[in-house]
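A look at the structure
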Amino acid sequence: MYASLRAAVDDLERSGQLLRISAEVDPDLEMAEIHRQVFDAGGPAVLFERVKGSPFQAVSNIYGTYERTDFLFRKTFPGVKKLVELKADPANVAKNPLRYLGTPKTAFSALPRQRRKPAVKYAQTTIDQLPLVKSWPMDGGAFVTLPQVCTLPPGSRKPMESNIGMYRIQLTGNEYETNREIGLHYQLHRGIGIHHTEYNQTAEPFRCSVFVGGPPSHAFCAIMPLPEGLSEMTFAGMLAGRRFGYAWDRDWLLSADADFVITGTIRKGEKKPEGPFGDHLGYYSLQHDFPVMDVETVWHRKDPLWHFTVVGRPPAEDSSFGYLIHKIVKDLTPGEFPGIRQINAVDEAGVHPLLLAIGSERYMPFRDKVPEEIITQANRILGSGQTSLAKYCLIAAEEDDPELDADDQPAFFRHLLERFDPERDLHFQTRTTIDTLDYSGSGWNAGSKLIWACRGPVRRTLATEVPDAIDLPEGYHSPRLVAPGILAVGGPPFTGKDGYAALDPFLRRSAGKELVHKTPLIIVCDDPDFLAADFSNFVWATFTRSNPSHDVHGIDAFTEHKHWGCRGPVVIDARVKPWHAPGLVTDPGTVERASRILSAAGFG
C-alpha cells in the first residue's frame, strides 16, 4: 500500500491526521514530551520538521490510536485476515470460495525480492547526526525505540532465514564510543539470541543490520510473535501489500525501503553497560551488561524520516501493536492452545505481568465442576513462547458463562472472584523466569508464576461497598473498594528486610476470614485511593509490583502436601519494594516547554 514511511505520513496529512511542528525541538526530552502530550490527548501523528543537532526530520505517533492504525492498514489487513482464517481452518475456502479469491495475491506479496537500486543506499551519515531521542530524565542516553534488528544464522545469505526483532538500541551514553559503538538489549525468548548462540560456536563474524522506518508494516512485523523459522519479511510484505525489498552491502542484509540502516558486527564475547531506559511497564529498566555492536555504516534514503515512539506506563503508542496482533492471531488461538477460546495479555498491566484466559472443560462432563482441564491449558500457555514470560494467568471455564469476555477486565475479575475456591484454585510455579523488564521478582529474569483458576457456580455475593466487618491493625488504613469483591488497603511502607513481617498482624486478624464471602481479594498497597480511582490503576499497580511466590498471601493460609491455599481472602502485597525499579516521572520544565511548542503549533 505504501512504498515508504514518507508516503504513509503524506497520506495521514491528507486525511487530517498529522501535526507539523515547525519550531526547532530538542531531542533531549522535548520531542518525547511533545509525543506524550499529543498521545494522551488522542491526537494526530507528529512530524518534527527541525530536530536540534540533526539534519533529519522525525515522526512519531503514527500508530497513536487504534483508528489510525486501522487506517494505515485499511487496504491490506482484510487480505491478511483471510489468510489467517485459512491457516486456522483450510476448509473455509471450500465453504466460501468467493471470499478468498484475492488470497493468492496476498500470499505472493509475502515473498521478499531483491532490489538492485535500494532507496536506502542514497547516502551515508554518522550516528551523531541522527535525531538522538532521549525519552525520560534517567535514561542512559539516546535510544532507537522502533528498531528492526535483522540477523541471519551463520553461513546464510537467505533473507527468508533472517530474524527481524524489535530490540532496543542505545546510540549514546554510558561507555559507548560515539559513532563507533552502539548497545543492543535483547531478552529471553528472542530470535536474535538463537543466532548469537550459533555464532558463538563459529569463527564467523556476527553481522547485524538495524532498520529504522520504511513502510508502516515493517516496524509492526518486527514485534509480531511469529513461529520460530518464519521470517518477519513475509508478514511485512503481506501487510504492506508489496513484497519486502532487500539488498546487500557486502555481507550485510539491508531493507531496501527503510529510511535508515545501521550495519555493524556484534562482539561475541564482550558486553557493555546498557540503560537505564524508561520502559513499557511504567518503570525504568535498570543498567545491565548487554551485547555491543561495532558500527560499520549508517545508510539513509533521500529525504528520510527518523521513526520513533515513546514508551512508558501503558497505554502508549505501542499498545496499538497489541491491538493489531490480537486482531490477526485471535483465530489462531484455539490451534496454538487447544481448548482455549480467548487470551488477553492485559496491556494496562504491561502485557507480560497478567494474562486473562477463557478455556474449556471438555472431557469429563459427568464429574463435579472443579478446575481440571483449564489448569492443563494454563500450563500450556505458561510454557509457550512469549506467554511463558507471564506472572499471573487467571483462567475461567467457558461453559460457566459463554458470554464472558476476557477483554472486559472488570467483568472477568467479577466472574472469577464469585466462583473460585481459595483453598483449591491457586497453583504456584516458583523459581522460574519472568520478563527481563520486570523487577518485582527475586532476581533479574527470576521470579514466579501463579495460575488462578475458577470453574463452577457462583459461590459468593461480592461486596459493592467497604464491608463493616473489616478490622485493621495499627499501620493499616484507608480501605477502598476497587470493584465488587476487590478491597485496597493502605499498609506500612515496605522499607527493609522486615517488610513482609509487617503483614503478619493483618493476616492474623480472625475477623478477616469472614471477608472471603464479600471481598475475596485484598490488595495491600501504598495508596488505596490511587487503586480505587480507576480499574487500570488497580491492574497496573497490583500486577507490576508483586511476585506471586513472595507477595500472594492469604488470611488463614495453610500448606497441605505442598499445595498452598487459604480459608479467608487472598491478599496481594502490591507495596513498592526497595528492589523495584523507579517509576517514570517527567521533568516539569520539559513539560512546560513542550506545552508552549504545541500551543504555538495550534495544538491543544
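What this report covers is the structure whose coordinates are included nearby. (Residues numbered from 1 in each chain as written. Predicted model: local features only at pLDDT ≥ 70, side-chain atom pairs only at ≥ 80, totals over all residues. Heavy atoms only, no water.)

A closer look at the overall build of the chain
- Counting its secondary structure elements, the chain contains 18 helices and 30 strands.
- Oriented by its inertia axes, the alpha-carbon framework of the chain measures out at about 75 × 60 × 55 Å.
- Across the 604 residues that make up the chain, the buried fraction comes to 59%.
- Counted over contacts in the chain with a minimum sequence separation of 6, partners at least 24 positions apart contribute 74%.
- Accessible surface for the chain amounts to roughly 23,900 Å². Of this, 51% is attributable to carbon and sulfur atoms.
- Taking the average place of the 66 positive charges on the side chains of the chain and the average place of its 76 negative ones, the gap between the two points comes to 6 Å. (Helix = DSSP H or I, 4+ residues; strand = E, 2+ residues; numbered from the N terminus. Buried < 20%, exposed > 50% of the residue type's maximum accessible area, 1.4 Å probe, protein only. Contact = heavy atoms within 4.5 Å. Areas by Shrake-Rupley, 256 points an atom, 1.4 Å probe, with all protein chains shown as cover. Lys, Arg positive; Asp, Glu negative; His and termini not counted. Charge placed at Lys NZ, Arg CZ, Asp CG, Glu CD.)

Points about the sheet that holds strand β3 (residues 57–60)
- Strands sit in the order β1-β2-β3-β18 across an open sheet of four strands; the sheet is mixed. With partners counted over all chains shown, the strands left at the sheet margins are β1 (18–25) and β18 (305–307), one partner each. Strand-to-strand twist in this sheet, taken as the mean axis angle between neighbours without regard to direction, amounts to 25 degrees.
- Across three bridges, strand β2 (residues 45–51) lies against β3 in antiparallel orientation. Following the sheet pairing, Val46 is matched in β3 by Ser60.
- Relative to β2, helix α2 (residues 30–40) is tilted by about 160 degrees, and along the sheet it contacts β1, β2 and β3. (Pairing = 2+ DSSP bridges. Axes fitted to C-alpha atoms, helices over the stretch in contact; angles between N-to-C directions.)

Structural notes on the packing of helix α13 (residues 409–419) against helix α16 (residues 535–544)
- Direction vectors running N to C along α13 and α16 enclose 65 degrees, while the axes themselves pass 10 Å from each other. Along its contact with α13, which presents Gln409, Pro410 and Phe413, the element α16 presents Phe535, Phe538, Val539 and Phe543.
- Looking at the contact of α13 with α16 residue by residue, the classes come out as six nonpolar, one polar and no charged. (Nonpolar A, V, L, I, M, F, W, Y, C, P; charged D, E, K, R; others polar.)

Looking at the packing of aromatic side chains
- Under the defined criterion, the tally for this structure stands at 23 aromatic pairs.
- Residues Phe494 and Trp579 carry aromatic rings whose centres are separated by 5.6 Å and whose planes lie at 90 degrees to one another, so their mutual orientation is edge-to-face. Linking Phe494 in the loop between β25 (486–490) and α14 (504–507) with Trp579 in the loop between β30 (570–573) and α18 (588–600), this pair joins segments that are 85 residues apart in sequence.
- Judged by its relative accessible area of 38%, Trp579 is partly exposed.
- Measuring from ring centre to ring centre gives 6.3 Å for Phe530 and Trp540, while their planes differ by 75 degrees; the resulting arrangement is edge-to-face. Remark: Trp540 occurs in helix α16 and Phe530 occurs in helix α15 (residues 528–533); sequence separation between them is 10 residues.
- For Trp540, a relative accessible area of 8% translates into the label buried.
- In textbook terms, an aromatic cluster arises when at least three aromatic residues are bridged by ring pairs, as seen for Tyr392, Phe413, Phe535, Phe538 and Phe543.
- When the ring centre of Phe71 is taken as origin, the NZ or CZ atom of Arg74, which lies over that ring, is 3.9 Å away. (Phe/Tyr/Trp six-rings, centres within 6.5 Å; stacked < 30°, edge-to-face > 60°. Lys NZ or Arg CZ within 6 Å of the ring centre and 35° of its normal.)

A word on the pattern of salt bridges
- Inspection of every chain in the model, using the stated rule, returns 38 salt bridges.
- A salt bridge links Arg267 to Glu181; the shortest N-O distance between them is 2.6 Å. Of the two residues, Arg267 sits in strand β14 (residues 260–274) while Glu181 sits in strand β10 (residues 181–184), which places them 86 residues apart along the sequence. An identical accessibility class is assigned to Arg267 and Glu181; each is buried.
- In this structure, the salt-bridge partner of Glu418 is Arg414, at a minimum N-O distance of 3.4 Å. Here Glu418 pairs with Arg414, and both are found in helix α13, just four residues apart, close to one helical turn.
- In this structure Glu418 comes out as buried when scored by relative accessible area, which is 15%.
- By relative accessible area, which is 36% here, Arg414 ends up partly exposed.
- Because the salt bridges share partners, they merge into one network encompassing Glu181, Arg267, Glu270, Lys272 and Asp294. (Salt bridge = Lys/Arg side-chain N within 4 Å of Asp/Glu carboxyl O.)

Focus on the sheet that holds strand β4 (residues 113–114)
- Taking strand neighbours across the sheet as the criterion, the three strands line up as β4-β12-β13 in an open arrangement whose pairing is mixed. Every other strand in the sheet has two partners, leaving β4 and β13 (252–255) as the edge strands with one partner each.
- In this sheet, β13 lies alongside strand β12 (residues 245–249) in antiparallel orientation, the contact comprising four bridges. Across the sheet, the residue bridging to Asp249 is Trp252, located in β13.

Digging into the environment of Thr125
- Relative to the helices and strands, Thr125 resides in strand β5 (residues 123–125).
- Taking the C-alpha atoms as reference, Thr125 lies 9.6 Å from Ile262; in sequence the two are 137 residues apart.

Side note on a nonpolar patch on the surface
- There is a patch of nonpolar side chains on the surface, built from Tyr363, Met364 and Phe366 and spanning about 400 Å² of accessible area.
- Here Tyr363 shows up in the loop between β20 (354–359) and α12 (373–382).
- For Tyr363, a relative accessible area of 59% gives the class exposed. (Patch = residues over 30% accessible without salt bridge, like charges linked within 9 Å, V, L, I, M, F, W, Y side chains within 5 Å.)

Some thoughts on the side chain of Thr542
- Along the chain, Thr542 falls in helix α16.
- Using a relative accessible area of 0% as the deciding quantity, one classes Thr542 as buried.
- Looking at Thr542, its side chain comes within polar contact range of the main-chain oxygen of Phe538, at 2.8 Å.
- Every residue in contact with Thr542, bar those within four places of it in the chain, is listed here: Ile523, Leu531, Ile572 and Ala574. (Polar contact = N/O pair within 3.5 Å; in protein donor to acceptor, adjacent residues only side chain to side chain.)

Describing the environment of Gly16
- Relative to the elements of secondary structure, Gly16 occurs in the loop between α1 (5–14) and β1.
- Take Gly16: its relative accessible area is 62%, and that puts it in the exposed class.
- In the structure, Gly16 is positioned 29 residues away from Ala45 in sequence and 9.6 Å away in space, judged by C-alpha atoms.

Observations concerning the nonpolar core
- Ranked by internal contacts, the top residues of the largest apolar core, which has 48 residues, are Ile62, Leu72, Phe220 and Phe235.
- When residues of this core are assigned to their parent elements, the largest contribution, five residues, is made by helix α9 (residues 232–240).
- Once residues lying within four places of it in the same chain are set aside, the contact partners of Phe220 are Tyr63, Leu239, Phe321, Leu324, Ile325 and Ile328.
- Membership of the second largest hydrophobic core comes to 45 residues, among which are Tyr439, Ala483, Ala488 and Ala581. (Core = buried A, V, L, I, M, F, W, Y, C linked by side-chain atoms within 4.5 Å.)

As for the state of the cysteines
- Applying the stated rule across the entire model yields zero disulfides.
- Not part of a disulfide, Cys208 finds its nearest cysteine sulfur in Cys150, a span of 7.6 Å.
- Cysteine Cys221 remains unbridged, with the sulfur of Cys150 as its closest cysteine sulfur at 13 Å.
- You can call Cys221 buried: its relative accessible area is 1%. (Disulfide = S-S within 2.5 Å.)

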